[in-house]
Amino acid sequence: MASIFTFQLSPYFPIDRGFKSRSQVQARHLAGEGSIALSSDSVQENGNPFAIEKQRNGSLVGTANGHLNPSVEESEKAMNVKVSKELEVLWDDGYGSATLKDYLDIAKDFTTSNGGPIRWFCPVECGSPLEDAPLLLFLPGIDGVGLGLILHHKALGKAFEVRCMHIPFYDRTPFEGLLKFVEEAVRNEHASSPNKPIYLVGDSVGGCLALAIAAHNPTIDLVLILVNPATSFGKSQLQTLLPLLEVLPDELHLTVPYLLSLTMGDPTKMAIVDIESGLPPSLMLEKLSGNLTALLPRLSLLSDIMPKEALQWKLKIFKSGAAYANSRLHAVQAEVLVLASGKDNMLPSADEAKRLCRTLKNCRVRFFKDNGHTLLLEDNISLLTVIKATTMYRKSKRHDFITDFLPPSLSEFKYAFDKVNRFLHLATSPVMFSTLENGKIDRGLAGVPSEGPVLLVGYHTLLGLELSMFIEGFLREKNILVRGVAHPLLFSQKIENSFTEISYNDLVRVFGALPVTASHFFKLFRQKSHVLLFPGGAREAFHRKGEAYKLFWPNQPEFVRMAARFGATIVPFGVVGEDDLLELVLDYDDIMNIPILNNYIKESNLAVRNVRQDMRGEIANQDLYLPGVLPKLPGRFYYLFGKPIETKGREVLLKDKENANDLYLQIKSEVEQSIAYLMKKRMEDPYRGFIDRTVYRAFNAPFDQVPAFDP
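The present account deals with the structure reproduced in this document. Please read these numbers as outputs of a predicted model, since none were measured by experiment. (Residues numbered from 1 in each chain as written. Predicted model: local features only at pLDDT ≥ 70, side-chain atom pairs only at ≥ 80, totals over all residues. Heavy atoms only, no water.)

### Remarks on the overall build of the chain
Consideration 1: In terms of regular secondary structure, the chain is built from 24 helices and 25 strands.
Consideration 2: Scored against the burial criterion, the 711 residues of the chain give a buried share of 58%.
Consideration 3: Pairs at least 24 apart in sequence give 81% of the contacts found in the chain among residues at least 6 apart.
Consideration 4: Of the accessible surface of the chain, which amounts to about 30300 Å², a share of 53% is contributed by carbon and sulfur atoms. (Helix = DSSP H or I, 4+ residues; strand = E, 2+ residues; numbered from the N terminus. Buried < 20%, exposed > 50% of the residue type's maximum accessible area, 1.4 Å probe, protein only. Contact = heavy atoms within 4.5 Å. Areas by Shrake-Rupley, 256 points an atom, 1.4 Å probe, with all protein chains shown as cover.)

### A few points about the sheet that holds strand 10 (residues 161-166)
Consideration 1: Pairing within the open sheet is mixed, and its seven strands lie in the order 8-10-9-11-12-13-14. Each end of this open sheet is capped by a strand with a single partner; those strands are strand 8 (119-121) and strand 14 (363-368). Between one strand axis and the next, the sheet turns by 20 degrees as a mean value, whatever way the strands run.
Consideration 2: Pairing of strand 12 (residues 222-227) with strand 13 (residues 335-341) involves five bridges; the strand directions are parallel. For Leu 224, the partnering residue across the bridge sits in strand 13 and is Val 336.
Consideration 3: Contacts between helix 4 (residues 205-216) and the sheet are confined to strand 9 (135-139), strand 10, strand 11 (198-203) and strand 12, with strand 12 contributing the most and set at about 160 degrees to the helix. (Pairing = 2+ DSSP bridges. Axes fitted to C-alpha atoms, helices over the stretch in contact; angles between N-to-C directions.)

### Re helix 17 (residues 518-526)
Consideration 1: Of the residues making up helix 17, those classed as buried are His 520, Phe 521, Leu 524 and Phe 525. End-on, the buried residues of helix 17 take up no more than an arc of 130 degrees, which puts them together on one face. Counted as exposed and oriented over 90 degrees from the buried face of helix 17: Ala 518 and Arg 526.
Consideration 2: In this structure, the buried residues of helix 17 make contact with strand 17 (454-458), strand 18 (482-486), strand 19 (514-515), strand 20 (530-533) and helix 19 (558-565).
Consideration 3: Positive phi appears at Lys 528, one or two residues downstream of helix 17, with a value of about 60 degrees. (Arc of directions from axis to C-beta.)

### Examining the packing of helix 3 (residues 175-192) against helix 4
Consideration 1: For the pair helix 3 and helix 4, the least separation of the axes is 10 Å and the interaxial angle reads 60 degrees. In terms of orientation, helix 3 lies oblique with respect to helix 4. At the point where helix 3 passes helix 4, the crossing takes the right-handed sense. Touching Phe 175, Leu 178, Leu 179, Val 182, Glu 183, Val 186 and Arg 187 of helix 3 are Cys 208, Leu 209, Ala 212, Ile 213 and His 216, all from helix 4. (Parallel < 35°, antiparallel > 145°, perpendicular 65-115°, else oblique. Left-handed = near helix turned anticlockwise from the far one by under 90°.)

### With respect to unusual backbone geometry
Consideration 1: Following Gly 452, the chain continues into Pro 453 via a peptide bond in cis, with omega recorded as 5 degrees.
Consideration 2: Its location among the elements puts Pro 453 in the loop between strand 16 (441-443) and strand 17.
Consideration 3: In the Ramachandran plot, Asn 228 falls in the positive-phi region, its phi being about 45 degrees despite a non-glycine side chain.
Consideration 4: Mapping Asn 228 onto the fold places it in the loop between strand 12 and helix 5 (238-247).
Consideration 5: Here Leu 463, not a glycine, exhibits a phi torsion of approximately 60 degrees, which is positive.
Consideration 6: Tracing the backbone shows Leu 463 in the loop between strand 17 and helix 15 (467-478).

### Examining the nonpolar core
Burial of nonpolar side chains together is a common tendency in soluble globular proteins.
Consideration 1: In terms of nonpolar packing, the biggest core is built from 77 residues, with Leu 455, Leu 456, Phe 470, Phe 641 and Ile 667 touching the most fellow members.
Consideration 2: The element best represented in this core is helix 23 (residues 657-681), accounting for seven residues.
Consideration 3: With residues near it in sequence (within four places) discarded, Ile 667 still touches Val 457, Trp 553, Phe 559, Val 560, Ile 570, Pro 572 and Ile 645.
Consideration 4: In this structure, Val 186, Ala 210, Leu 211 and Ala 215 belong to the second largest nonpolar core, which totals 54 residues. (Core = buried A, V, L, I, M, F, W, Y, C linked by side-chain atoms within 4.5 Å.)

### Comments concerning the pairing of strand 10
Consideration 1: For strand 10, the tally of buried residues reaches six of six residues, placing the bulk of the element in the interior.
Consideration 2: Here strand 10 shows two buried faces, one formed by Glu 161, Arg 163 and Met 165 and the other by Val 162, Cys 164 and His 166.
Consideration 3: When strand 9 meets strand 10, the two strands line up parallel, connected through four bridges. Following the sheet pairing, Leu 137 is matched in strand 10 by Arg 163.
Consideration 4: A crossover connection joins strand 9 to the parallel strand 10 through helix 2 (residues 153-159); in handedness this β-α-β unit is right-handed. (Right-handed = clockwise from strand over helix to strand, strands pointing away.)

### Brief notes about the environment of Leu 211
Consideration 1: Within the fold, Leu 211 resides in helix 4.
Consideration 2: Looking at Leu 211, the relative accessible area reads 1%, which means it is buried.
Consideration 3: Sequence spacing of Leu 211 and Ile 225 is 14 residues, and the spatial spacing of their C-alpha atoms is 9.7 Å.
Consideration 4: Discounting chain neighbours no more than four positions away, the residues touching Leu 211 are Leu 224, Leu 226, Thr 231, Ala 325, Leu 329, Val 332 and Leu 360.

### Structural notes on the packing of aromatic side chains
Consideration 1: In the structure shown here, the tally under the stated rule is 27 aromatic pairs.
Consideration 2: A ring pair is formed by Trp 120 and Phe 181, whose centres lie 5.4 Å apart and whose planes are at 15 degrees; its orientation type is stacked. Within this pair, whereas Trp 120 is found in strand 8, its partner Phe 181 is found in helix 3, the two being separated by 61 residues in sequence.
Consideration 3: Take Trp 120: its relative accessible area is 1%, and that puts it in the buried class. (Phe/Tyr/Trp six-rings, centres within 6.5 Å; stacked < 30°, edge-to-face > 60°.)

### Focus: a nonpolar patch on the surface
Consideration 1: The grouping of Leu 633, Ile 691, Val 695 and Phe 699 at the surface amounts to a nonpolar patch, some 480 Å² of accessible area in total.
Consideration 2: Mapped onto the secondary structure, Phe 699 falls in helix 24 (residues 690-699).
Consideration 3: Look at Phe 699 and you get exposed, because its relative accessible area is 70%. (Patch = residues over 30% accessible without salt bridge, like charges linked within 9 Å, V, L, I, M, F, W, Y side chains within 5 Å. Salt bridge = Lys/Arg side-chain N within 4 Å of Asp/Glu carboxyl O.)

### A look at the side chain of Ser 382
Consideration 1: Topologically, Ser 382 is positioned in the loop between strand 14 and helix 12 (383-389).
Consideration 2: A polar contact of 2.9 Å, which involves the side chain of Ser 382, links it to the side chain of Thr 385.
Consideration 3: The contacts of Ser 382, once residues within four sequence positions are left out, are Tyr 95 and His 152. (Polar contact = N/O pair within 3.5 Å; in protein donor to acceptor, adjacent residues only side chain to side chain.)

### Looking at helix 19
Consideration 1: Every buried residue of helix 19 is accounted for by Phe 559, Val 560, Met 562, Ala 563 and Ala 564.
Consideration 2: Contacts made by the buried residues of helix 19 are with strand 17, helix 17, strand 20, strand 21 (569-576), helix 22 (651-655) and helix 23.
Consideration 3: In the segment just after helix 19, Gly 567 is the residue with positive phi, at about 65 degrees.

### Digging into the pattern of salt bridges
Consideration 1: Applying the stated criterion to the full structure yields 22 salt bridges.
Consideration 2: Where Asp 92 meets Lys 154, a salt bridge forms, and the shortest distance between an N and an O atom there is 3.2 Å. In this pair, Asp 92 is assigned in the loop between strand 7 (72-74) and helix 1 (100-112) and Lys 154 in helix 2, connecting sequence segments 62 residues apart.
Consideration 3: In this structure, Asp 589 engages Arg 544 in a salt bridge whose closest nitrogen and oxygen atoms are separated by 3.8 Å.

### Details of the environment of Ser 320
Consideration 1: The residue Ser 320 is located in helix 10 (residues 308-326) in this model.
Consideration 2: For Ser 320 and Val 205, which are 115 residues apart along the polypeptide, the C-alpha to C-alpha distance reads 9.8 Å.

### Some details on the environment of Arg 398
Consideration 1: Looking at the element boundaries, Arg 398 is found in the loop between helix 12 and helix 13 (410-420).
Consideration 2: Taking C-alpha positions, Arg 398 is 9.6 Å from Lys 196, a pair spaced 202 residues apart along the chain.

Spelled out as structure tokens, the structure:
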């Protein structure tokens, strides 16, 4: 029985009529006017179906450089493809389900049917995107196959309409011809959806194409993601390879792919992509060895993917493309994100990222110091995560922190909490308690309402140490993403440079943080979200010596009135444990007494927007800085969520400022009482000490099941 594949259609992307197939492929046009069935003469299977074009007159046709494909017929029944409006929290993004081995195996299939023109295709793994998803065009690197996003197809396919460019191995289209081909697709899409951005992901020489397109079309809303762009070709080792290939005997060409493989990336990082973190070292080593054993023999396929004549031509495209793009950088108006590898042995990508960041008008950089040239085929690099972390995902002309937010996926959760924050969790063994409706305190989050809107209001510990474990706890136990409102500096490009790596700040954005504004509160409550608020803000997170667990709240109960307007449930909470983890050695007062540091902090804060400029007192003038701290032998973090306070039905009552202030003071008092309760009860915890917990874990339970005091 023939298998059935489904994939989305774009109005402007042709299929080559010369491709054959062993099975039928069904497709649907985005506008939903109907569907078509592609016969076995229309599409090559091999896991690589191609999109087809729908003409403006409504007829469904396949095209190859404008020629009609007579084998495409209308389907008897329209397909009913569901288009999702939003993603679930911890959705499966498929990361790790494909590897470099899959890339090489599928690329080999392309070599068996290598005729036809340049074309676009939509990988079947991309599936159906979200409603109103923007278009993403992938412009390949030196291979030209168009499979460079194979590790990212499923994830990107949820957020974008993905189309990948395929350049046949024996195609000799010059750079200007490639530019014309891509530009036509971009202009057609813009004409169809003028209010949507178009994403161009350019890998290596594809980055030159993306920059050239942007320079030619400054009025089109383009977002460029350049992965080790080949604009640095003039300074690379590839220049020396071009004259060498011209005199290299054909029988020695088989050695060239192996040389290229050594410069393209780290085989170990490519082989570890599908190995789960947290496995025993012996099992990880066994899987890694097996993957490397399977991968290395496949490198010989590179000689099929890049025959001598094709490789020579591609290097000439590199040269002409780099010259073309570099001469037009001044005309680029697009939003640009450069992903640069620190161990790129093919191109000087780190230095090039610095140059582009300085030259382009709107350019940001994320630096991957341990990765090679084939960045998108290596471990721990999720392209969608990077786009989300830099707040560059949007469906319209401007980014909206509410409507453009994509919830974290399961692989992002594992990366953030099983890798990045694993040590902090192991060191502090956080334990959470909540208050039930009957007033009983119980371990866990059962007392916190699952249905929103819910406003969680509490104390901000030193340096915000409690935040990651707070978010993790709600995701693990209740599968609820709590969205925190944060200082605008967290979202400012002023704290970035050309060597900025994926950081804690980026992960906070991936997990839903957004700038604190009244409009964001309004939209979150309207969406019935769980919202996290620290009224003490930076003043509590950067408190002085002797001020631990002291609240610094403004005398403005505005969040109470906002919550009441939407009938939100308010849950006050306290958290303790910072004094068991860090010793505050140099606080704000100490640092400001050091002249050099005093001047530096004042200058650094001049460009920082004061979110509390309408308030009075020291809480309105808290400078941002890094205090001097020393680590302690870790104690434990404790959270206590008080009894939920309902505002539903009290909207009119709480419009009165005096009534709202009374509730505000009640919430503040309950936070202080929760802190006092935890300070007292932690003295009764036999596993408060790190050594005691470590011994218990060794013989009894995982790190998240260590007992605590009896509430």
